[in-house]
Amino acid sequence: AGKKVLIVYAHQEPKSFNGSLLKIAVEELTKQGCSVTVSDLYAMQFEPRATRNDIVGHLHNSEAFNYGVETWEAYKRGCLSKDLVEEQKKVREADLLIFQFPLFWFNMPAILKGWMDRVLVQGFAYDFSKIYDGGLLQDKLSLFSFTTGVSQEIYSKEGIGGDIRYVLWPMQHGIMHFCGVKVLEPHICYAPENVSEEKRKEMLAAWTQRLKTLWKEEPINCSPEWYFK
Ligand code: FAD
Ligand code: ZN
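Residues numbered from 1 in each chain as written. Chains lettered and ligands numbered in written order. Predicted model: local features only at pLDDT ≥ 70, side-chain atom pairs only at ≥ 80, totals over all residues. Heavy atoms only, no water.

Here we look at the coordination of the zinc ion (ligand 2)
- The protein atoms donating to the zinc ion (ligand 2) are His 173 (ND1), His 177 (ND1), Cys 222 (O) and Cys 222 (SG), with metal-donor distances spanning 2.0 to 2.4 Å.
- Considering all four donor atoms around the zinc ion (ligand 2), the spread of angles at the metal, 86 to 126 degrees, places the coordination shape in the tetrahedral class.
- Along the chain, the residues donating to the zinc ion (ligand 2) fall in the pattern H-x3-H-x44-C. Note that His 177 is positioned in the loop between helix H5 (165-176) and strand S5 (182-183) and Cys 222 in the loop between helix H6 (197-212) and helix H7 (224-228), a separation of 45 residues in sequence. No difference in accessibility class separates His 177 from Cys 222, as the two residues are buried. (Donors = N, O, S within 2.8 Å, 3.2 Å for Na, K, Ca; no water. Tetrahedral: all angles 85-135°; square planar, octahedral: opposite > 155°, others 65-115°. Helix = DSSP H or I, 4+ residues; strand = E, 2+ residues; numbered from the N terminus. Buried < 20%, exposed > 50% of the residue type's maximum accessible area, 1.4 Å probe, protein only.)

What follows is the structure in structure tokens.
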């Protein structure tokens, strides 16, 4: 209770399975007394491209554009574009970040990747030696909640897809852990399009159930072994 949650949501259709998972999270967490904010990226027409437009006013070096350097400098000067400032404020205030999306090509949809690329600026999310356990977004939790097109059997070590944890490595370790954010177990709904209505209802009920005891969970031990052992 009293916790702040930011849900970054990437699906075009409210009636989708992802839309239903989002709705459940908003309802359940609100019921618990959490304050929930949703960044509905498609509805916001969130800009995924990392460009010069992200810096308001003059550049640090206008001879040769370097996105990382320019956004870092602009962050320090308070000259990042308004949409980034707003997302950073939501992140700063949140105790928990939930990412809700369908898996696209073993990864997050481009619009969500663009959110990561643009919002998690140097100086805000990490700095020189302030990375991993020393990252700037400490004392926050993250949870990747996503759906797949194919079954759990395919995403096993022996399956053609390989262990699903391999796709979690860049997201959980490469992004969240890098920025100091702790990682809760991912929540994966396999193949909602290809299972029975009954199974779909079960998967949705399981998400509600998990959310009820979410604040008692311990983060995973986010190290190479968790992914590749
Ligand atoms: P939907 O089609 O929206 O939902 C499935 C069903 O659930 C629908 O019939 C819907 O009506 C129903 N539903 C919604 N809400 C409820 C409710 N409350 N109760 C009961 N039923 C409900 N998959 C992979 O595994 N790996 C990949 O690499 C991959 N790459 C992709 C790349 C692209 C570009 C695209 C477009 C897809 C890719 N996919 C991949 C597939 C994709 O991950 C799935 O299509 C997606 O995860 C399905 O989720 P959804 O929310 O869109 O499902
Ligand atoms: Zn890690």
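Points about the pattern of salt bridges
- Under the defined criterion, the tally for this structure stands at 17 salt bridges.
- The closest approach of N and O atoms between Glu 13 and Lys 15, which form a salt bridge, is 4.0 Å.
- Judged by its relative accessible area of 34%, Glu 13 is partly exposed.
- For Asp 83, the salt bridge is made with Arg 118, and the minimal N-O distance between the two is 3.0 Å. Remark: Arg 118 occurs in helix H4 (residues 110-119) and Asp 83 occurs in helix H3 (residues 82-93); sequence separation between them is 35 residues.
- Classification of Asp 83 by relative accessible area gives partly exposed; the value is 27%. (Salt bridge = Lys/Arg side-chain N within 4 Å of Asp/Glu carboxyl O.)

What about the packing of aromatic side chains?
- Counted according to the given criterion, the structure contains 16 aromatic pairs.
- With a centroid separation of 6.4 Å and an interplanar angle of 85 degrees, the aromatic rings of Phe 101 and Phe 144 are classed as edge-to-face. Of the two residues, Phe 101 is situated in strand S3 (residues 96-102) and Phe 144 in strand S4 (residues 141-147); the sequence distance between them amounts to 43 residues. Each member of the pair, Phe 101 as well as Phe 144, is classed as buried.
- Ring centres of Tyr 227 and Phe 228 lie 6.2 Å apart, and the angle between their planes is 45 degrees; on these two criteria the pair is classed as tilted. (Phe/Tyr/Trp six-rings, centres within 6.5 Å; stacked < 30°, edge-to-face > 60°.)

Regarding the pairing of S4
- For S4, a buried count of seven out of seven residues is recorded, marking the element as mostly surrounded by other parts of the structure.
- Judged by which residues are buried, S4 turns out to be covered on both faces: Leu 141, Leu 143, Ser 145 and Thr 147 on one side and Ser 142, Phe 144 and Phe 146 on the other are all buried.
- Bridge analysis of S3 against S4 gives seven bridges, and the strand direction is parallel. Paired with Gln 100 across the bridge in S4 is Ser 145. (Pairing = 2+ DSSP bridges.)

Notes on H4
- Among the ten residues of H4, seven are classified as buried, and the element is accordingly described as predominantly covered.
- Along H4, the residues classified as buried are Ile 111, Leu 112, Gly 114, Trp 115, Met 116, Arg 118 and Val 119.
- The elements touched by buried residues of H4 are strand S1 (4-9), helix H2 (67-77), H3, S3, S4 and H5. (Contact = heavy atoms within 4.5 Å.)

In short, geometric facts, not functional conclusions.
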